[in-house]
Protein chains: 2
Amino acid sequence: METTTSSTSAQIIDKDQLLTHWLGHRKVTRRTLEAFPEKELFEFSIGGMRTFAQLIKEMLAMDSTTARGLATSTWEALDEEKAELTTKAELLASWDKSTEEIQGYWKDITMEEFQKQIKAFGQYDGTGYSILFYIIDNEIHHRGQGFVYLRALGITPPNFWEQY
Amino acid sequence: METTTSSTSAQIIDKDQLLTHWLGHRKVTRRTLEAFPEKELFEFSIGGMRTFAQLIKEMLAMDSTTARGLATSTWEALDEEKAELTTKAELLASWDKSTEEIQGYWKDITMEEFQKQIKAFGQYDGTGYSILFYIIDNEIHHRGQGFVYLRALGITPPNFWEQY
């Protein structure tokens, strides 16, 4: 992990800490995905909402794409369909691949990128940090919904606070 | 809003931006609270979970207490009971009072506080930023659950992305 930010005083959160924060949330989300039974992952929902598999696919459309966009200034369009992912094992493998890609791109993201005006996914205006915070928040939001699905199915979700 | 951080280069997120981020989430959570019918706010839940009123009370136990703790290094113990809040109007008023208090304390939080080791609420070890991020994430997590409750009740939740 690179340490170019460690000598900067008075950072609210430094770059290494932000990666740890993001990856910590990804661990909780992965555990949430693992907790779903195969069938309910792709079929269960409440109130006409998307299934948890669909919510995970939305996250997978945004996660490493954002890391790559911040690292290379090249943004792909969102692909939330991911029709090729039809099993829990495939979703978990795709999740792990994204996690590796995020770690790979992270070292190439400059500190200046976080305050730069960008057009994420070719369509959303924001700053680097605001886009990244948005996609982390979106993951937390939908994972919280996954917790309700699990509770409704009589399954205990992972602990929210165990982000390690 | 104070601008002591505006000249610092290469911040991932500066202090004014972090307050705007937090207050933006609070606006969405307030809209979520407003969207609940009075009775269901205090009685409806799924899978044995807490009601949305109880989740809001947990947020109210953490929000301005965290801002005060970071500003003054004085941490109160968590009080999630808040038995005195028995109506939606009282929860909304308490929410608005906390929002005002957060804004009041914010200017007294030093940049150094975010990286300082603290014991939040007298019991949780962390850094200033990690505690603050945790309570914002906790709000997002439980608000996402409130969205499911609303959908289950046939009510359209507010837009997640309208944080202004």
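Above this text is the structure in question.
Residues numbered from 1 in each chain as written. Chains lettered and ligands numbered in written order. Predicted model: local features only at pLDDT ≥ 70, side-chain atom pairs only at ≥ 80, totals over all residues. Heavy atoms only, no water.

(A) How the structure looks around the interface of chain B and chain A. The partner chain A presents 33 residues to the 33 residues of chain B that form the contact. Interface area, chain B with chain A, both sides summed: about 3,300 Å², of which 68% is carbon and sulfur. Joining chain B to chain A, the criterion identifies zero salt bridges. Our count for the chain B to chain A interface comes out at 12 residue pairs in polar contact (both at pLDDT 80 or more). Looking at the side of chain B that touches chain A, the elements that each hand over two or more residues are helix 1 (15-35) and helix 5 (128-152) of chain B. Of the residues forming the side of chain B that touches chain A, the biggest block, 14 residues, is contributed by helix 5 of chain B. Taken together, the residues of the side of chain B that touches chain A sort by class into 18 nonpolar, 10 polar and five charged. (Contact = heavy atoms within 4.5 Å. Buried area = accessible area lost by both parts, 1.4 Å probe. Salt bridge = Lys/Arg side-chain N within 4 Å of Asp/Glu carboxyl O. Polar contact = N/O pair within 3.5 Å; in protein donor to acceptor, adjacent residues only side chain to side chain. Helix = DSSP H or I, 4+ residues; strand = E, 2+ residues; numbered from the N terminus. Nonpolar A, V, L, I, M, F, W, Y, C, P; charged D, E, K, R; others polar.)

(B) Quick look at the side chain of Glu139 of chain A. Residues and elements named next belong to chain A. Position of Glu139 relative to the elements: it lies in helix 5 (residues 128-152). Summary of buried charges: Glu139 has no salt-bridge partner, and the nearest side chain of opposite charge, Arg143, is 4.1 Å away. Looking at Glu139, its side chain comes within polar contact range of the main-chain nitrogen of Arg26, at 3.5 Å. Once residues within four sequence positions are removed from consideration, Glu139 is found in contact with Trp22, His25, Arg26, Thr29, Met59 and Trp95. (Buried < 20%, exposed > 50% of the residue type's maximum accessible area, 1.4 Å probe, protein only. Lys, Arg positive; Asp, Glu negative; His and termini not counted.)

(C) Region of the structure containing the packing of aromatic side chains. Going through the model one piece at a time under the given rule, you end up with 17 aromatic pairs over all chains. For the pair Phe121 of chain B and Tyr124 of chain B, a centre-to-centre distance of 6.4 Å together with 80 degrees between the ring planes defines the contact as edge-to-face. Of the aromatic side chains, those joined through ring pairs into one cluster are Tyr129 and Phe133 of chain A together with Tyr129 and Phe133 of chain B. The aromatic ring of Trp95 of chain A is capped on one face by Arg26 of chain A, whose charged end is 3.9 Å from the ring centroid. (Phe/Tyr/Trp six-rings, centres within 6.5 Å; stacked < 30°, edge-to-face > 60°. Lys NZ or Arg CZ within 6 Å of the ring centre and 35° of its normal.)

(D) Just a negative patch on the surface, in detail. Residues and elements named next belong to chain A. Where like charges cluster on the molecular surface, the negative patch consists of Glu38, Asp79, Glu80, Glu81, Glu84 and Glu90. Relative to the helices and strands, Asp79 is located in the loop between helix 3 (52-72) and helix 4 (88-106). Under the relative-accessibility criterion, Asp79 is labelled partly exposed at 39%. (Patch = residues over 30% accessible without salt bridge, like charges linked within 9 Å, V, L, I, M, F, W, Y side chains within 5 Å. Areas by Shrake-Rupley, 256 points an atom, 1.4 Å probe, with all protein chains shown as cover. Charge placed at Lys NZ, Arg CZ, Asp CG, Glu CD.)

(E) Molecular detail of the environment of Gln54 of chain B. Residue and element names in this part refer to chain B. Tracing the sequence through the fold places Gln54 in helix 3 (residues 52-72). Looking at Gln54, the relative accessible area reads 41%, which means it is partly exposed. Taking the C-alpha atoms as reference, Gln54 lies 10.0 Å from Ala83; in sequence the two are 29 residues apart. Of the polar contacts made by the side chain of Gln54, one reaches the backbone nitrogen of Thr51; its length is 3.0 Å.

(F) A look at empty space enclosed by the protein. As enumerated under the stated definition, the model contains three cavities of 30 Å³ or more in all. Approximately 70 Å³ is the volume attributed to the largest cavity. As for the largest cavity, its lining consists of Leu18, His21, Phe133, Ile136 and Asp137 of chain A together with His21, Phe133, Ile136 and Asp137 of chain B. Of all the secondary structure elements, the ones that give two or more residues to the lining of the largest cavity are helix 1 (15-35) and helix 5 of chain A together with helix 5 of chain B. (1 Å grid on protein atoms, 1.4 Å probe; cavity = no way out; pocket = protein on both sides within 12 Å on 5 of 7 lines; lining within 4 Å. Points joined across faces, edges and corners; volume = space filled by probe spheres on them.)

(G) Here's a closer look at unusual backbone geometry. Residues and elements named next belong to chain A. With a phi angle near 55 degrees, Phe121 is a residue other than glycine that sits in the positive phi range. Position of Phe121 relative to the elements: it lies in the loop between strand 1 (117-120) and strand 2 (124-127). Among the residues examined, Phe121 registers a relative accessible area of 5% and is labelled buried.

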